[in-house]
Every structure is written in C-alpha cells, then in structure tokens.
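So you can see what is in the structure, the chains are spelled out below.
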Amino acid sequence: AYALGYMGTIVDFFAALALRDPPRAEMEGGDATFYDDFAEDVDRAGCDLGEFARQRLVDALVYRRAYAFADVPPAVPPPAEDGPDTLAKQDAREERRAYLTPVAIHELRDWDKDDRGRFSFFVIRTANRTRNAVSSKRDVVKVKWRVYEGGAVTVYSATHMVGAELKPTDDATQEGDPVPREESP
C-alpha cells in the first residue's frame, strides 16, 4: 500500500480558483503608468501582481499566514557617496520604484504591533550558504538581519562557517547608516 499526497494539488486548485481573474486596480488621476508598470513587475524580478498574490495565498493556505513587505523609497533619497546623483541614475538602478518582497514565516524573527494592529517594528533574518571559490564547498554562511523601525531600515550582517553557530557574544556589523523609508499607512 502507498499514500498519495493530494494536499499540494488541493492548495494549488483553490489558489487558482480564487485568483482565476487577475487582480486589477482602477484609479482616477495620478500616474496610471506607475500602477501599470508596478502590476507587471511587483517584486523587481518579473513577477506580476496576480502571480505574487497567488504565491502569498498558497503560503497562507499552507502556513496559516503570509506576509509581504512593501518597500516604498524615500521621497527625498539620501545623498550618494560618489557625489550628486541624478533622477535618471536612480531610475536606472530602480531605487525610486516601490516593490513588494515576500517574507517567509521562518524569516520573521521578532516584531511588535501598535494599537491598530500594524507592525511598529520587525526583524527579518535571512541566511545563505556560499563558497569562497567555485571549487570549494558551500561552507560559508552569511546571515543578515534587517531591522525595520520607525520608517527606517538598518541592516546587520555576520559570517560564520557551517557547523559553527553564531553566539550572542559574536559581533554583527552594521551595513551603513539606517536608511529612511516612507511610512506605509
């Protein structure tokens, strides 16, 4: 006897059924091209709004909740280190473009909510195994903590070898100054 796993098929069926018509936004006034461009590529990796919503719905059905972080660039960007920056340069690097980032449940490490149920701060931890050379093993772990608080993000990072866990006494380096972000409603 053997068992067939139908859960994945059932979850995909309900996600496809719920989002068989892609989400649309209709607006009056403003820059319609901004919304059209955003809906075609919400995560700066080519994922459209319908597929992004379907992926979050699948996460919610599997893990009982799903999160996405909307990153809205500051209205006045911080000055560039290599001199004055132009809007064209920022547009080329897509620094002035809002985007969505999926947040896996296991990456959300700490948070607090205000009286309205919105996050007042949260910490996202990601870890990636890398290697120093093509011929070496993936034995280097790079860990990043992104702390979002008060409209700013601060990034900390640390590196260790596989099998050697980070200790509370280990130092994590801060990557640059906190970057101000627009407050989301």
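All of the points below concern the structure found in this document.

The rules behind each value
- Residues numbered from 1 in each chain as written.
- Predicted model: local features only at pLDDT ≥ 70, side-chain atom pairs only at ≥ 80, totals over all residues.
- Heavy atoms only, no water.
- Helix = DSSP H or I, 4+ residues; strand = E, 2+ residues; numbered from the N terminus.
- Buried < 20%, exposed > 50% of the residue type's maximum accessible area, 1.4 Å probe, protein only.
- Contact = heavy atoms within 4.5 Å.
- Areas by Shrake-Rupley, 256 points an atom, 1.4 Å probe, with all protein chains shown as cover.
- Axes fitted to C-alpha atoms, helices over the stretch in contact; angles between N-to-C directions.
- Parallel < 35°, antiparallel > 145°, perpendicular 65-115°, else oblique.
- Left-handed = near helix turned anticlockwise from the far one by under 90°.
- Pairing = 2+ DSSP bridges.
- Expected span 1.5 Å × (residues − 1).
- Polar contact = N/O pair within 3.5 Å; in protein donor to acceptor, adjacent residues only side chain to side chain.
- Core = buried A, V, L, I, M, F, W, Y, C linked by side-chain atoms within 4.5 Å.
- Patch = residues over 30% accessible without salt bridge, like charges linked within 9 Å, V, L, I, M, F, W, Y side chains within 5 Å.
- Salt bridge = Lys/Arg side-chain N within 4 Å of Asp/Glu carboxyl O.
- Lys, Arg positive; Asp, Glu negative; His and termini not counted.
- Charge placed at Lys NZ, Arg CZ, Asp CG, Glu CD.

## Concerning the overall build of the protein chain
Part 1 of the argument: In terms of regular secondary structure, the protein chain is built from four helices and eight strands.
Part 2 of the argument: Counting over 185 residues, the protein chain shows a buried share of 21%.
Part 3 of the argument: By sequence separation, contacts in the protein chain at least 24 residues apart represent 44% of the contacts at least 6 residues apart.
Part 4 of the argument: Summing over all exposed atoms, the protein chain offers an accessible surface of approximately 13,800 Å²; the carbon and sulfur share of this is 53%.

## Remarks on the packing of helix α1 (residues 7-18) against helix α3 (residues 49-63)
Part 1 of the argument: Their axes nearest at 9 Å, the elements α1 and α3 cross at an angle of 135°. Viewed along their axes, α1 and α3 adopt a mutual orientation that is oblique. Viewed along their axes, α1 and α3 form a crossing whose handedness is right-handed. In this structure, α1 contributes Val11, Asp12, Phe14, Ala15 and Ala18 to the contact, and α3 contributes Arg54, Leu57, Val58, Leu61 and Val62.

## Some words on the pairing of strand β5 (residues 140-149)
Taken residue by residue, a regular strand's side chains alternate between the two faces of the sheet.
Part 1 of the argument: As judged from the 10 bridges shared by strand β4 (residues 119-130) and β5, these two strands associate in the antiparallel manner. Within the sheet, the bridge partner assigned to Phe121 lies in β5 and is Glu149.
Part 2 of the argument: What sits between the antiparallel neighbours β5 and strand β6 (residues 152-161) is a turn of two residues, in which Gly150 has the positive phi angle 60°.

## Structural notes on the side chain of Arg56
Part 1 of the argument: The residue Arg56 is located in helix α3 in this model.
Part 2 of the argument: Contacts of Arg56, omitting those with residues within four sequence positions, involve Ala66, Tyr67, Ala68 and Pro102.

## Examining the environment of Arg44
Part 1 of the argument: The residue Arg44 is located in the loop between α2 (32-40) and α3 in this model.
Part 2 of the argument: Separated by 53 residues in sequence, Arg44 and Arg97 have C-alpha atoms that sit 8.9 Å apart.

## What about α3?
Part 1 of the argument: Here α3 contains 15 residues, and its C-alpha end-to-end distance of 21 Å stays within 8% of the 21 Å for a straight helix at 1.5 Å per residue.
Part 2 of the argument: The set of residues buried in α3 consists of Gly50, Phe52, Arg56 and Val58.
Part 3 of the argument: Residues of α3 that are buried sit in contact with α1, β1 (67-71) and β2 (99-103).
Part 4 of the argument: The opening residue of α3, the one whose side-chain oxygen lies 3.3 Å from the backbone nitrogen of Gly50, is Asp48.
Part 5 of the argument: Positive backbone phi, approximately 75°, marks Arg64, located one or two places after α3.

## Here we look at the nonpolar core
Part 1 of the argument: Phe69, Val103, Leu108, Phe122, Ile124, Tyr148, Val153 and Val155 together form the largest nonpolar core, which totals eight residues.
Part 2 of the argument: Residue assignment for this core shows that the elements contributing at least two residues are β4 and β6.

## A short note on a negative patch on the surface
Part 1 of the argument: Taken together, Asp36, Asp37, Glu40 and Asp48 make up a surface patch of like negative charges.
Part 2 of the argument: Note on placement: Asp48 falls in the loop between α2 and α3.
Part 3 of the argument: Using a relative accessible area of 35% as the deciding quantity, one classes Asp48 as partly exposed.

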